[in-house]
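# An overview of the molecular structure
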Amino acid sequence: MVEHESERLDALFHALSHPTRRGMLRQLAEHECSVGELAEPYAMTFAGASKHVQVLERAGLVRRSVQGRIHLCRLDPAPIRAGAEWMRYYERFWTERLDRLEELLRKEDEA
């Protein structure tokens, strides 16, 4: 279970690590797009865009359907929740640490 969760987070953060894929997700947040439409802003081939879409699919962020020769993609934002939860844990950790540091510095200034 833990290993599976780690693999999903790895796939999610890998997918989000590339600016082209983040841009594609932004497009898909607006509306369903074909792979060709996703490729347009980046002046890349269908094959190049398809490789990026495959990475997004492996992360569970994109669902692709084929209608004739058109590959339509839609966003599935559910996996982002797991990444946000993982980051919230570390946000709490660092917030607590920084709060303690602030308290120590105040005490030092008062002394």
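Below or above, wherever it landed, is the structure these notes cover. This is a predicted model, so every value here is computed, not measured. (Residues numbered from 1 in each chain as written. Predicted model: local features only at pLDDT ≥ 70, side-chain atom pairs only at ≥ 80, totals over all residues. Heavy atoms only, no water.)

Attention shifts here to the overall build of the chain. In terms of regular secondary structure, the chain is built from five helices and three strands. Along its sequence from the N terminus, the chain presents helices and strands in the succession α-α-β-α-α-β-β-α. Over its C-alpha atoms the chain spans a radius of gyration of 20 Å, topping by over 25% the 13 Å that the globule rule assigns to 111 residues. Overall, the C-alpha framework of the chain stretches about 75 × 35 × 20 Å when taken along its three principal axes. Put simply, the chain has 111 residues, and 27% of those count as buried. For the chain, the share of sequence-separated contacts (at least 6 apart) that also reach a separation of at least 24 residues comes to 51%. For the chain, the computed accessible surface area is about 8100 Å², with 54% contributed by carbon and sulfur atoms. Side-chain charges of the chain comprise 17 positive and 19 negative groups, with the mean position of each set lying 7 Å from the other. (Helix = DSSP H or I, 4+ residues; strand = E, 2+ residues; numbered from the N terminus. Rg over C-alpha atoms; globule rule 2.2 N^0.38 Å. Buried < 20%, exposed > 50% of the residue type's maximum accessible area, 1.4 Å probe, protein only. Contact = heavy atoms within 4.5 Å. Areas by Shrake-Rupley, 256 points an atom, 1.4 Å probe, with all protein chains shown as cover. Lys, Arg positive; Asp, Glu negative; His and termini not counted. Charge placed at Lys NZ, Arg CZ, Asp CG, Glu CD.)

On to the sheet that holds strand β3 (residues 70-75), then. Within the open sheet, the three strands sit side by side as β1-β3-β2. Their pairing is antiparallel. The sheet terminates laterally at β1 (33-34) and β2 (62-67), the two strands that pair on one side only. (Pairing = 2+ DSSP bridges.)

So, about helix α4 (residues 46-58). Along its 13 residues, α4 runs 18 Å from first to last C-alpha, staying within 8% of the 18 Å computed at 1.5 Å per residue. Residues Ala 49, Ser 50, His 52, Val 53, Val 55 and Leu 56 constitute the buried set of α4. Looking one or two residues beyond α4, the residue adopting positive phi is Gly 60, at roughly 80°. (Expected span 1.5 Å × (residues − 1).)

Here the focus is the pattern of salt bridges. A full pass over the atoms with the stated rule returns five salt bridges. Between Glu 102 and Arg 106 there is a salt bridge whose closest N-O contact spans 2.9 Å. Of the two residues, Glu 102 and Arg 106 are both situated in helix α5 (residues 78-110); the distance of four residues between them amounts to about one turn of the helix. Judged by its relative accessible area of 38%, Glu 102 falls in the partly exposed class. (Salt bridge = Lys/Arg side-chain N within 4 Å of Asp/Glu carboxyl O.)

This next bit is on the environment of Gln 27. The topology assignment puts Gln 27 in helix α2 (residues 19-30). Sequence spacing of Gln 27 and Glu 37 is ten residues, and the spatial spacing of their C-alpha atoms is 9.2 Å. If we ignore the near neighbours within four places in the chain, the residues touching Gln 27 are Cys 33, Glu 37, Leu 38, Pro 41 and Tyr 42. For Gln 27, the side chain forms a polar contact with the main-chain oxygen of Glu 37, separated by 3.4 Å. (Polar contact = N/O pair within 3.5 Å; in protein donor to acceptor, adjacent residues only side chain to side chain.)

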